[in-house]
Amino acid sequence: MLKPAAFLDRDGVINEEKGYIHKVKDFEWVEGAKDSIKYLNNNGYYVFVVTNQSGIARGYFSESDVISLHKYINNELKIINAFIDEFFFSPYHPNNTKEFLHLSHLRKPDTGMLDLAASKWSIDKSRSFMVGNKDTDIKCAQKFLIRGHLFKGGNLLDFIRLSENI
């Protein structure tokens, strides 16, 4: 059975944008982010995080740092009976073309992370959407043929309710 998906960028949508967040101590939830994820869960949406993490290619942190932070996010969400169905991230950056070149298709605005989600989950694209805080997020949504919403701050739950009329 197909379900709609909410694709959420991480930095600037789920958590405050502070540059290369990879430690729990630096993570700060965006207002309404936890509640928006629970709201989407309760309304029959898959919830996916799709995030460019070029800090890996730049050598600022490791893939395991990102995975640990994502586990922390889901553990925090469990407290309110909410969850992210799956986290997808791109370690690639054009300035580091050696180690992660084979993953370049994952980096937004390319649709690799969304394609990967669609290959693993039964997604109804016609009812799916993406929320991001950069033009690359919106371009990614457009290429994937879903609605894209540019989030410029405020309460994420209010933004999603207004944008999607869920």
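What you are looking at is a predicted structure, and each value in this text was computed from that prediction instead of being measured. (Residues numbered from 1 in each chain as written. Predicted model: local features only at pLDDT ≥ 70, side-chain atom pairs only at ≥ 80, totals over all residues. Heavy atoms only, no water.)

Below, the discussion takes up the overall build of the protein. Of the regular secondary structure elements, the protein holds 5 helices and 5 strands. Along its sequence from the N terminus, the protein presents helices and strands in the succession β-α-β-α-β-α-β-α-β-α. By the compact-globule yardstick of 15 Å for 166 residues, the protein fits well, its C-alpha radius of gyration being 15 Å. Along the first, second and third principal axes, the C-alpha atoms of the protein reach 45 × 35 × 30 Å. Classification of the 166 residues of the protein by burial places 51% in the buried group. Element-wise, carbon and sulfur atoms account for 49% of the exposed surface of the protein, whose accessible area totals about 8100 Å². (Helix = DSSP H or I, 4+ residues; strand = E, 2+ residues; numbered from the N terminus. Rg over C-alpha atoms; globule rule 2.2 N^0.38 Å. Buried < 20%, exposed > 50% of the residue type's maximum accessible area, 1.4 Å probe, protein only. Areas by Shrake-Rupley, 256 points an atom, 1.4 Å probe, with all protein chains shown as cover.)

The next point concerns the pattern of salt bridges. Applying the stated criterion across every chain yields a total of 10 salt bridges. Residue Arg-10 pairs with Asp-11 through a salt bridge whose shortest N-O separation is 3.0 Å. Across this residue pair, the class does not change: Arg-10 and Asp-11 are buried. A salt bridge links Arg-127 to Asp-124; its shortest N-O distance comes to 2.7 Å. The exposure class assigned to Arg-127 is partly exposed, which follows from its relative accessible area of 41%. One salt-bridge network, in which partners are shared between bridges, spans Asp-9, Lys-108 and Asp-137. (Salt bridge = Lys/Arg side-chain N within 4 Å of Asp/Glu carboxyl O.)

This paragraph deals with the nonpolar core. Grouped together as the largest cluster of nonpolar side chains are 26 residues, with contacts concentrated most on Leu-8, Trp-29, Ile-37, Val-131, Leu-156 and Ile-160. Every element with two or more residues in this core is listed here: strand E1 (5-8), helix H1 (33-42), strand E2 (46-52), helix H2 (63-78), strand E4 (129-132) and helix H5 (156-164). Leave out the neighbours within four places in its chain, and Ile-37 touches Leu-8, Ile-14, Trp-29, Val-47, Leu-77, Ala-82, Phe-83 and Ile-84. If you look at the next biggest cluster of nonpolar residues, it comprises 24 residues, including Ala-5, Phe-7, Phe-48 and Val-66. (Core = buried A, V, L, I, M, F, W, Y, C linked by side-chain atoms within 4.5 Å. Contact = heavy atoms within 4.5 Å.)

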